[in-house]
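What the coordinates show
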Amino acid sequence: MRAQVLNRIEAEQERMIKLVSNMVKIPSVSGNEAELAAFLLNYCTELGFECEIDRHGNFFAWIRGKRPGKRLIFNSHLDTVEAGEGWEDDPYSGKIHKDRIWGRGSTDCKGAIGAQIIAALVLLREGADFAGEVCLMYPVEEEVQDVSRKGTWKALMDGFTGDMAVNGEDTDLRVCLACEGMLEVLITTYGTGAHGATPEEGKNAIVMMTKVVEHLCRIVPGTNPYTGKGSINPGVIQGGSRSSVVPDTCTLKCSRFTVPGETGELFLTQINEILDKLKREDPDFKASVVMTYESNPSIVDKEEQVVKAIEAAHGYLGINCPLVGTPQHDDADFLTNLGHIPTVLYGPGSGRLAHMPNEYVWISELSEAAKVYALTILEALKD
Ligand SMILES: [Zn+2]
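Computed from a predicted model, the values in this text were never measured in an experiment. (Residues numbered from 1 in each chain as written. Predicted model: local features only at pLDDT ≥ 70, side-chain atom pairs only at ≥ 80, totals over all residues. Heavy atoms only, no water.)

**A word on the packing of aromatic side chains**
With the rule as written, the count across this model stands at 8 aromatic pairs. Measuring from ring centre to ring centre gives 5.3 Å for Phe74 and Tyr373, while their planes differ by 80°; the resulting arrangement is edge-to-face. Note that Phe74 is positioned in strand β3 (residues 67-75) and Tyr373 in helix α10 (residues 363-380), a separation of 299 residues in sequence. For the pair Phe74 and Tyr373, a shared accessibility class is recorded, and that class is buried. Their ring planes at 85° and their centres at 5.7 Å tell us that Tyr360 and Trp362 sit as a pair that is edge-to-face. Overall, Tyr360 belongs to the buried group, its relative accessible area being 15%. Positioned over the ring face of Tyr360 is Arg100, at 4.7 Å from the centre of the ring. A cation sits over an aromatic face here: Arg256 above Phe267, 5.6 Å from the ring centre. (Phe/Tyr/Trp six-rings, centres within 6.5 Å; stacked < 30°, edge-to-face > 60°. Helix = DSSP H or I, 4+ residues; strand = E, 2+ residues; numbered from the N terminus. Buried < 20%, exposed > 50% of the residue type's maximum accessible area, 1.4 Å probe, protein only. Lys NZ or Arg CZ within 6 Å of the ring centre and 35° of its normal.)

**Points about the sheet that holds strand β4 (residues 96-97)**
A sheet is described by the order of its strands in space; here 3 strands give the open sequence β4-β5-β20, paired in antiparallel fashion. Looking at the sheet topology across the chains shown, the edges are occupied by β4 and β20 (360-362). The pairing of strand β5 (residues 100-102) with β20 spans 3 bridges and is antiparallel. Across the sheet, the residue bridging to Arg100 is Trp362, located in β20. Lying over the sheet, helix α2 (residues 13-24) contacts β4 and β5, oriented at roughly 15° with respect to β5. (Pairing = 2+ DSSP bridges. Contact = heavy atoms within 4.5 Å. Axes fitted to C-alpha atoms, helices over the stretch in contact; angles between N-to-C directions.)

Listed below in structure tokens is the structure:
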């Protein structure tokens, strides 16, 4: 059956290329995914999948096995970031050129969606024998920095569940067992305004913030064998109205990428220790901190069935399968931590191209991903 499935995937390559190109031609910036969801509803219904768009706009499609069994989820998001500047061509051209498909969303994540749909289609057409069901889950608003707006989070809060999942983020076809979490804090320093000619009559909030930044940069982020080292980035600083006035407030937005084992609470404690220390050194020092965004790292045990299945798929194809991690944050967090669904990340495309102008995905990677996805289904749902 596996050889038959692989041959059929080769034969369906043109269909897959066209599908991915057509999806790229439908802009689906976060909050505007309805047209793409409607397109997929039509497309997948015609292929013979059972389909649904839920009340949040998330798209679902199922293929069922011949016997009862587990639910394997394939999760990839419908939305993309804005096109932005710097493109050499129309960002929504979906152009097929030099063995690549070009345009916003090609690598993040429409390539994975195309490969997953073709994998499911081939199993359906070949009458493959597997237990349980495959659920294609394509949520809205993965790219927004607000957990409560994210489609995957909303579906899980509604009670959606499964036994294991593959998240199709652009991992360069590497099997990732872990992703990093992302935190953002807003720190404010409070000074006293004065004329810039007599700064001693005021208290400069920007100067106070420079001390905060200095200490923040000394925090040593944790490390994890899969994701590597976490990171900290003071990203946006604002304060003052003109150079001749002592600024009375200054704000800093700082992001922190966390590795498995690190929490938002830990980061807040570290910041509060810094603020307390500065206060001890200078009784006039005044500052506050709030967490403005909090998402968690995720990790899946390498003994989980879904990991074993994707490793077996690589083995069958004769491809090396190092188990790694990704420094990005994605919906694997919610599937794993909120849904308690063991989730592995694996997808075509590169994180280095995602969110950048002239984004593209290699067609050869789409084919390989479709093969790995199909064989993973056969292995994970064999009984
Ligand atoms: Zn993505």
